[in-house]
Amino acid sequence: MASRRKGADTADNSRRKFLQQVATGAAATAAAALPAVAQQDAQRPAAAAPANQPLIAEALANFAVNLRYEDIPKDVIRTAIRTIIDTVGCAIGGHEAGPSQIAIKLAGRVSATPAATVFCSGTKTSHDLAVFANGVMIRFLDFNDGYITPKGGGHPSDTLAALISTAEIMGASGRDLILATVLAYEAFCKVADVLDTRSLGLDQSTILGPASLIGASRLMGLTRAQLVHAIGISVGGNTTINQGRVGTLSNWKDFSAAESSRKAIFSAQLAQAGMTGPVQVFEGRSGFFNVIARQRFELPKLGEPWGIMRAFTKRFPLGQYSQTVAEAAMQVRSFITNIDDVEEINLRVSKNAISIMADSPEKWRPQSHETADHSMPYATAVVLMHGEIDEHYYEDPFLHDEKLLGLVARVRTIRSEEADMHEREYNLCDLELVLKSGQRKAVRVEYHRGHPKNPMSDAEMEEKFRSLARHHLPAERINALLRQMWALEDMPKAGALVEMTKV
């Protein structure tokens, strides 16, 4: 009895010590020293799921722990490398923006050992705050990739903030980073296929956090049991509402995904240090299915077909539903000799495209960068008037250019049942230009440049990267960074990529 009491006291003391360290911000550094107090196996009640179906957290953890680099097809590896190049370029391009500078300043107030590095600034900070700052930079321009489903979707490359910083902290190789990227995409895309975030009013960050967690946890070396607990901690505490993407958009559109990835890192650290989480976080009586989703979903098969192969690259720095719209506007522009001759522009697009990109009067007179890059009418008018679109058009003087806004006012969005029907395959835009003379010109775009069925070439990917980096890095540094990323498979320390972005 005495020995059992002594063992119990030791465990209780360990728990108290662990929680005290968490409260003072020391959980990350204590992880290696603390004894494991987590239960070693997730136990499920008999009624939680069908007998032949594991819990969602278990299925994700099993796949994450067991996937080998050798299991990943060559075309998937190549796509992962292209994705990393595209995402790092977006981070470099967005690092001088106001929200990015806020995040960098916040990160600079914290020092840690071991330290992670913030893109471009070279700031050394804690693991999670580096993830946060890098995530804001990746997201700010709205130029990183997208993944659309009729139920929602989002931007799976936002997870790379968590993965690159973790690779740096752990001294992971390029192959490790590629594997983690494939895992994060697989978690994000397969959950996005079945979770109806749109009708539930949930932000993509609800999916992004667990996806970041799964990729980062593989790099951190979490066990299967620890990862199950980390998923419970992450999902149980980080459900995100979609108000940050409605009406007049605030900086939170740029911060939400970064914050979910930051929390994902802390969830992994907690589980690795020994904290337990709700293993029935999806299926339990008060779990995600009953409280949030209001219905159960079944996780699709993980692996082939790989989620990362169905994500698309952006040709234009604007919301993903506007990619086909901007391309259609580019094509129809040659029909216009004088912008004053335009009577109206009719956009026939999906219901979901309208609900995201043309949902309120603010989208016709945007007052913030975030609202402008998520405005279908504004993007259409900018392309028709200027023949191009980049982040500069989301700021003054363009936001208050009355001639431009007059053209925006002539844009009408019309729901297309055909676009709704094909939304899972492509984001259809039928654009009709009507001139004051009565002349009409119609343009149809199904697969925009960057869609998996109309992919950008490697040369186009490089040109996009250069266009984002050339104002911040000299040409020889850009060339060196591109060479290193194309050779990522042979890179012994992937974290060195971050140092190479220092401005």
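Residues numbered from 1 in each chain as written. Predicted model: local features only at pLDDT ≥ 70, side-chain atom pairs only at ≥ 80, totals over all residues. Heavy atoms only, no water.

Asks: Sorry if this is basic, but what is going on with the nonpolar core here?
Replies: Taken as a class, soluble globular proteins show a tendency for nonpolar side chains to be buried jointly. If you look at the biggest cluster of nonpolar residues, it comprises 101 residues, and the most contacted ones within it are Phe-119, Ile-231, Phe-282, Phe-465, Met-485 and Leu-488. Broken down by element, the residue count for this core peaks at 13 residues, all from helix H8 (residues 174-194). Excluding residues within four positions of it along the chain, Leu-488 makes contact with Ile-81, Ile-84, Gly-174, Arg-175, Leu-177, Ile-178, Ala-494 and Leu-497. Ile-356, Met-376, Ala-379 and Leu-407 belong to the second-largest nonpolar core, a separate cluster that totals 44 residues. (Core = buried A, V, L, I, M, F, W, Y, C linked by side-chain atoms within 4.5 Å. Buried < 20%, exposed > 50% of the residue type's maximum accessible area, 1.4 Å probe, protein only. Helix = DSSP H or I, 4+ residues; strand = E, 2+ residues; numbered from the N terminus. Contact = heavy atoms within 4.5 Å.)

Asks: I'm lost on the pattern of salt bridges in this one. Help?
Replies: Should their charged atoms come close, side chains of opposite charge can pair. Taken as a whole and assessed by the stated rule, the structure comprises 28 salt bridges. Linking Glu-499 and Lys-124 is a salt bridge whose minimum nitrogen-to-oxygen distance equals 2.4 Å. Within this pair, whereas Glu-499 is found in helix H22 (residues 496-500), its partner Lys-124 is found in strand E2 (residues 124-125), the two being separated by 375 residues in sequence. Given the relative accessible area of 36%, Glu-499 is considered partly exposed. (Salt bridge = Lys/Arg side-chain N within 4 Å of Asp/Glu carboxyl O.)

Asks: Quick question: what am I supposed to make of unusual backbone geometry here?
Replies: That bond from Glu-304 to Pro-305 is cis: its omega, 0°, falls within 30 degrees of zero. Backbone torsion omega between Asp-396 and Pro-397 reads 10°, so that peptide bond is classified as cis. Following the sequence through the fold, Pro-397 ends up in the loop between helix H17 (376-386) and helix H18 (402-408). The backbone of Asp-142 shows a phi angle near 55°, a positive value even though the residue is not glycine. Here Asp-142 is to be found in the loop between helix H6 (127-140) and strand E3 (147-149). Residue classification places Asp-142 among the buried positions, given a relative accessible area of 0%.

Asks: What is the right way to look at the packing of helix H4 (residues 74-94) against helix H20 (residues 458-469) in this model?
Replies: Helix packing geometry: the angle between the two helix axes and the distance between the axes. Running from amino to carboxyl end, H4 crosses H20 at an angle of 20°, the nearest separation of the two axes being 7 Å. With respect to H20, the axis of H4 lies roughly parallel. The interaxial crossing formed by H4 with H20 has left-handed handedness. Along the contact surface, H4 presents Arg-78, Arg-82, Ile-85, Asp-86, Val-88, Gly-89, Cys-90, Ile-92 and Gly-93, while H20 presents Asp-458, Met-461, Lys-464, Phe-465, Leu-468 and Ala-469. Partitioned by chemical class, the residues of the contact of H4 with H20 number eight nonpolar, two polar and five charged. (Axes fitted to C-alpha atoms, helices over the stretch in contact; angles between N-to-C directions. Parallel < 35°, antiparallel > 145°, perpendicular 65-115°, else oblique. Left-handed = near helix turned anticlockwise from the far one by under 90°. Nonpolar A, V, L, I, M, F, W, Y, C, P; charged D, E, K, R; others polar.)

Asks: Explain the environment of Val-279 to me, please; I cannot follow it from the model alone.
Replies: Structurally, Val-279 is set in the loop between helix H12 (252-273) and helix H13 (288-293). Residue classification places Val-279 among the buried positions, given a relative accessible area of 8%. Through-space distance from the C-alpha of Val-279 to that of Leu-55 is 8.2 Å; in sequence the pair is 224 residues apart.

Asks: Looking at this structure, how should I read the sheet that holds strand E8 (residues 440-445)?
Replies: The strands that make up a sheet are held in pairs by hydrogen bonds between backbone atoms, and each pair lies either parallel or antiparallel. If you trace the four strands from one edge of the open sheet to the other, you get E6-E5-E7-E8, paired in mixed fashion. Every interior strand has two partners, whereas the edge strands, strand E6 (411-415) and E8, have only one. Taken pair by pair, the neighbouring strands of this sheet meet at an average axis angle of 20°, ignoring direction. As judged from the six bridges shared by strand E7 (residues 429-435) and E8, these two strands associate in the antiparallel manner. Bridge assignment links Leu-431 to a residue of E8, and that residue is Val-443. With respect to the sheet, H17 is in contact with strand E5 (342-349), E6 and E7, its orientation differing from that of E5 by roughly 130°. (Pairing = 2+ DSSP bridges.)

Asks: Any chance you could explain the packing of aromatic side chains here in plain terms?
Replies: How two aromatic rings sit relative to each other is given by the distance of their centres and the angle of their planes. With the rule as written, the count across this model stands at nine aromatic pairs. With a centroid separation of 6.3 Å and an interplanar angle of 45°, the aromatic rings of Phe-63 and Trp-306 are classed as tilted. Of this pair, Phe-63 sits in helix H3 (residues 56-66) while Trp-306 sits in the loop between H13 and helix H14 (323-332), and the two are 243 residues apart along the sequence. Using a relative accessible area of 19% as the deciding quantity, one classes Phe-63 as buried. Its relative accessible area of 7% is what places Trp-306 among the buried residues. With a centroid separation of 4.9 Å and an interplanar angle of 65°, the aromatic rings of Tyr-426 and Tyr-447 are classed as edge-to-face. Linking Tyr-426 in the loop between helix H19 (417-421) and E7 with Tyr-447 in the loop between E8 and H20, this pair joins segments that are 21 residues apart in sequence. (Phe/Tyr/Trp six-rings, centres within 6.5 Å; stacked < 30°, edge-to-face > 60°.)

Asks: Before we go on, may I ask you to explain H12 in this structure?
Replies: Helical geometry note: an α-helix holds 3.6 residues per turn, so side chains three or four residues apart project in the same direction. Here H12 is 22 residues long and its end C-alpha atoms lie 30 Å apart, about the 32 Å a rise of 1.5 Å per residue gives. Immediately beyond the C-terminal end of H12, within one or two residues, lies Gly-274, with a positive phi of roughly 125°. (Expected span 1.5 Å × (residues − 1).)

Asks: When you look at the side chain of Glu-327 in this model, what are you seeing that I'm missing?
Replies: Among the secondary structure elements, Glu-327 is positioned in helix H14. The buried category is assigned to Glu-327, whose relative accessible area is 8%. Apart from the residues within four sequence positions on either side, Glu-327 is in contact with Arg-315, Phe-316, Val-445, Tyr-447, His-448 and Arg-449.

Asks: Hey, could you run me through the confidence of the model for the chain in this one?
Replies: Caution applies to low-pLDDT regions: their predicted coordinates should not be interpreted in detail. Chain-level pLDDT for the chain is 88 on average; 88% of the residues reach the 70-or-more range. Here residues 1-16 scores under 50 on pLDDT; set against residues more than four positions off or in separate chains, the count is four contacts. Low confidence marks residues 22-48, where pLDDT is under 50. Its contacts with residues over four positions away, or in another chain, come to 46 contacts. (pLDDT = per-residue confidence, 0-100.)

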